[in-house]
Structures are given as C-alpha cells and as structure tokens.
Amino acid sequence: MTEPAPDRSAHRHPRESDGPRVLIADDEELIRTGFRLILTSRGIEVVGEAADGVQAIAEAQRLRPDVLLMDIRMPNLNGLEAAKRVLRLLPDCRVLMLTTFDLDSYVYAALAAGASGFLLKDVTAAHLAASVRLVNTGDALLAPSITRRLVERYAATHQGERSSGPAAAGDPVARTPAVHRDLAALTPRELQVLALMGRGLSNTDLAEALTLSEATVKTHVARIFAKLALRDRAQAVVLAYETGLVTPGGSASG
C-alpha cells in the first residue's frame, strides 16, 4: 500500500533517521551532477536541481527542501536575491551559498540575508556532506577560519560605507541592510557568549573559554536566539559585528 506523502509544513527539526532533503541550484550542470553524486553516495537525498535563480525559487517552493545549495552567481536572478526570496517564502529552509572565490563580497551579504554559511566549489566530498548535515541541525557553517576572515573584511567595508555616505549602486555589500536589535535584552553573560560567537567559537570552544558545561552554553545560545529573533549562528556573527559588540580585526568586547 502506498503511504501518503508526509506533511512538511512544520518540518524544521533535526532528522537523524533519514537525513536532510537537498536542492542544488547552480548554472553549471557538471557542478550539480558532481554534488548530487557526492551527497547521494553518503546517504543524503537530493530532491531536485535548478539552473538559475528563478528556477531555484520555483523548485524550492515545490519541493520544500531542508537545505538549499545555492550558487551566488547565476543567470536570470543571482543566488543572493534568490536566497532572500526563498528564505522569505520558506523560513525553515537552510541555505548554503556556493562560491568560487573565498573573498566574494556577495558572501557577507548572503550571511546578512539569512544564509547559514558558504562553501567553496572545490570543497572536499566529506566536507560537503558534513556541512549539509550541520546546517540541517540548525547550526551554521562558521568554523573555517576563512569565514571569519571574510566576515571581518566585509563587516569593516560595510560599516565604512555606511558612515561615509551613499554607496556605489552595484555593490551588494553596501545594499545589505544593517541589523538592528536591542542588545539591552541580554544578560552580561549572554553578551559575552554572543561576542565570542562573533569570533567564530563553537559551543565546545565557548564551554572551555567560559568554564561552563556545553549544556549551559546551549541554553545561553538558545536564549540569545530567542531574545534577538536570530535564526542561527550566521546571523549571530553578523549581528555581533553590525552592533559593534565585536570589531573587525579586534577583540570581542565585554
């Protein structure tokens, strides 16, 4: 007997049994095919593919994936704009941006827009699969040092352009809206945790740095997300820089 299709209207929770459902959006067929083979060979279901930004939005609405691998530079509609629209339509979807360059200005804009991280297209097979599983749990892909360097560089650029006047029309970073949250809602300990998250520390790193249990750290992180209406660590990192709690190239305040 054929079972009815599952209701995915409220599907955002870690699914340990069968893993995330993934949609791959890239204008290069070879990239899509390679990523599909890598993921399926590691037990991760690829539910569909898209060759441009417009198709990515349509397929995301139709298939409701858990994770969307989205190329930043695509025809018809670039990946950044497509990701913004997908996240508005499907706030539970996790977006991993794909890029060829490790210092692509679109990447910071993507994190500010709600993406959960980014991957270089020359990522190893093991790292690709691990990254998809990581963001599906609600975490963000922020561990690599290259991500911290990118965020610091473009946070500094973004802050400088906001203070010096109108930005150039074609700059995606300059068009990224500033994040406004009332940090006064946080306790001193939560401010400290947020500042260290802004430096890229994982929960394990936080527990060691603050001499706390991981369970206590997870509680602090969850409260920060709830108070500041953050979806994941990617937004927390962006917020830490946008509010000046962490300064690019400097040390975390507090």
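Refer to the preceding data block for the structure.
None of the values given here were measured: they were computed from a predicted structure.

Buried residues dominate strand E3 (residues 67–71), accounting for 5 of its 5 residues. Pairing between strand E1 (residues 21–25) and E3: 4 bridges, direction parallel. For Leu 23, the partnering residue across the bridge sits in E3 and is Leu 68. As judged from the 5 bridges shared by E3 and strand E4 (residues 94–99), these two strands associate in the parallel manner. By the bridge assignment for E4, Met 70 is matched with Met 97. On the question of chirality, the crossover connecting E3 to the parallel E4 by way of helix H3 (residues 79–89) is right-handed.

Once that is clear, we can look at helix H2 (residues 53–63). Gly 53, Ala 56, Ile 57, Glu 59, Ala 60 and Leu 63 are the residues of H2 that are buried. Tucked inside the fold, the buried residues of H2 contact E1, strand E2 (45–50), E3 and H3. Two or three places before Val 54, at the start of H2, stands the capping residue Asp 52, its side-chain oxygen 3.1 Å from that residue's backbone nitrogen. Of the residues flanking the end of H2, it is Arg 64, one or two places downstream, whose phi is positive at about 50 degrees.

Moving on to the sheet that holds E2. A sheet is described by the order of its strands in space; here 5 strands give the open sequence E2-E1-E3-E4-E5, paired in parallel fashion. Each of the sheet's edge strands pairs with one partner strand only, and the pair in question is E2 and strand E5 (117–120). For this sheet, the mean inter-axis angle between neighbouring strands, taken without regard to orientation, is 25 degrees. Where helix H5 (residues 125–136) meets the sheet, its contacts fall on E1, E3, E4 and E5, and the angle it forms with E3 comes to roughly 125 degrees.

The rules behind these values
Residues numbered from 1 in each chain as written. Predicted model: local features only at pLDDT ≥ 70, side-chain atom pairs only at ≥ 80, totals over all residues. Heavy atoms only, no water. Buried < 20%, exposed > 50% of the residue type's maximum accessible area, 1.4 Å probe, protein only. Helix = DSSP H or I, 4+ residues; strand = E, 2+ residues; numbered from the N terminus. Pairing = 2+ DSSP bridges. Right-handed = clockwise from strand over helix to strand, strands pointing away. Contact = heavy atoms within 4.5 Å. Polar contact = N/O pair within 3.5 Å; in protein donor to acceptor, adjacent residues only side chain to side chain. Axes fitted to C-alpha atoms, helices over the stretch in contact; angles between N-to-C directions.

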